[in-house]
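A look at the structure
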Amino acid sequence: MNSFLPSDRPAITALIYEGDIQKVKNEIKMVTEQGADIVGLMLEGYDVQCRSEKGMKTLIESAQGKPIYITDYLRSNIN
């Protein structure tokens, strides 16, 4: 079976826990340039703009086709 993950080594996942959309986009760019195989978006640390439909589309597009892992563990911090 074909996989989007590397078969010759463990996959490198970068978990990004930042606040505003520009900061998250910058982090995504940095970790993908440094070789991350998977981008982890930790929504519980993001502002409202990131969590909107438009913001999520922007962040997903920023990953440039890399697989994305999303968490949203805390609900009490939503503005």
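Refer to the structure printed above.
To start, this report covers the structure provided alongside it. (Residues numbered from 1 in each chain as written. Predicted model: local features only at pLDDT ≥ 70, side-chain atom pairs only at ≥ 80, totals over all residues. Heavy atoms only, no water.)

Pairing in this open sheet of three strands is parallel, and the strands run E1-E2-E3 from one edge to the other. Two strands in the sheet have a free side with no partner beyond their single neighbour: strand E1 (13–16) and strand E3 (68–71). Here the average twist between neighbouring strands, direction ignored, is 20 degrees. The pairing of strand E2 (residues 38–42) with E3 spans four bridges and is classified as parallel. Paired with Met42 across the bridge in E3 is Thr71. Its contacts with the sheet place helix H1 (residues 21–33) against E1 and E2, and it is angled at close to 165 degrees to E1. (Pairing = 2+ DSSP bridges. Helix = DSSP H or I, 4+ residues; strand = E, 2+ residues; numbered from the N terminus. Axes fitted to C-alpha atoms, helices over the stretch in contact; angles between N-to-C directions. Contact = heavy atoms within 4.5 Å.)

The next point concerns the nonpolar core. Ranked by size, the top nonpolar core spans 15 residues in total, and within it Ile16, Val24, Ile28, Leu41, Tyr46 and Leu59 carry the most contacts. Mapped by element, the contributors of at least two residues to this core are E1, H1, E2 and helix H3 (53–62). The leading source of residues in this core is H1, at four residues. Once you skip the residues sitting within four places of it in the chain, Tyr46 turns out to touch Ile16, Tyr17, Glu18, Gly19, Val24, Gly40, Leu41, Arg51 and Leu59. (Core = buried A, V, L, I, M, F, W, Y, C linked by side-chain atoms within 4.5 Å. Buried < 20%, exposed > 50% of the residue type's maximum accessible area, 1.4 Å probe, protein only.)

Before going further, it helps to spend a moment on the side chain of Ser62. Looking at the element boundaries, Ser62 is found in helix H3. Of the polar contacts made by the side chain of Ser62, one reaches the backbone oxygen of Thr58; its length is 2.8 Å. Leaving out residues up to four positions away in the same chain, Ser62 has contacts with Lys25 and Ile28. (Polar contact = N/O pair within 3.5 Å; in protein donor to acceptor, adjacent residues only side chain to side chain.)

What follows covers unusual backbone geometry. Even without being glycine, Gln64 reaches a positive phi, approximately 50 degrees. Take Gln64: it is sitting in the loop between H3 and E3.

The geometry of H1 relative to H3 is characterised by a closest axis approach of 9 Å and an angle of 15 degrees between their N-to-C directions. Here H1 lies roughly parallel to H3, going by the angle between them. Once H1 is placed against H3, the crossing between them reads as right-handed. In contact with Ile21, Val24, Lys25 and Ile28 of H1, H3 contributes Gly55, Thr58, Leu59 and Ser62. Taken together, the residues that form the contact of H1 with H3 break down as four nonpolar, three polar and one charged. (Parallel < 35°, antiparallel > 145°, perpendicular 65-115°, else oblique. Left-handed = near helix turned anticlockwise from the far one by under 90°. Nonpolar A, V, L, I, M, F, W, Y, C, P; charged D, E, K, R; others polar.)

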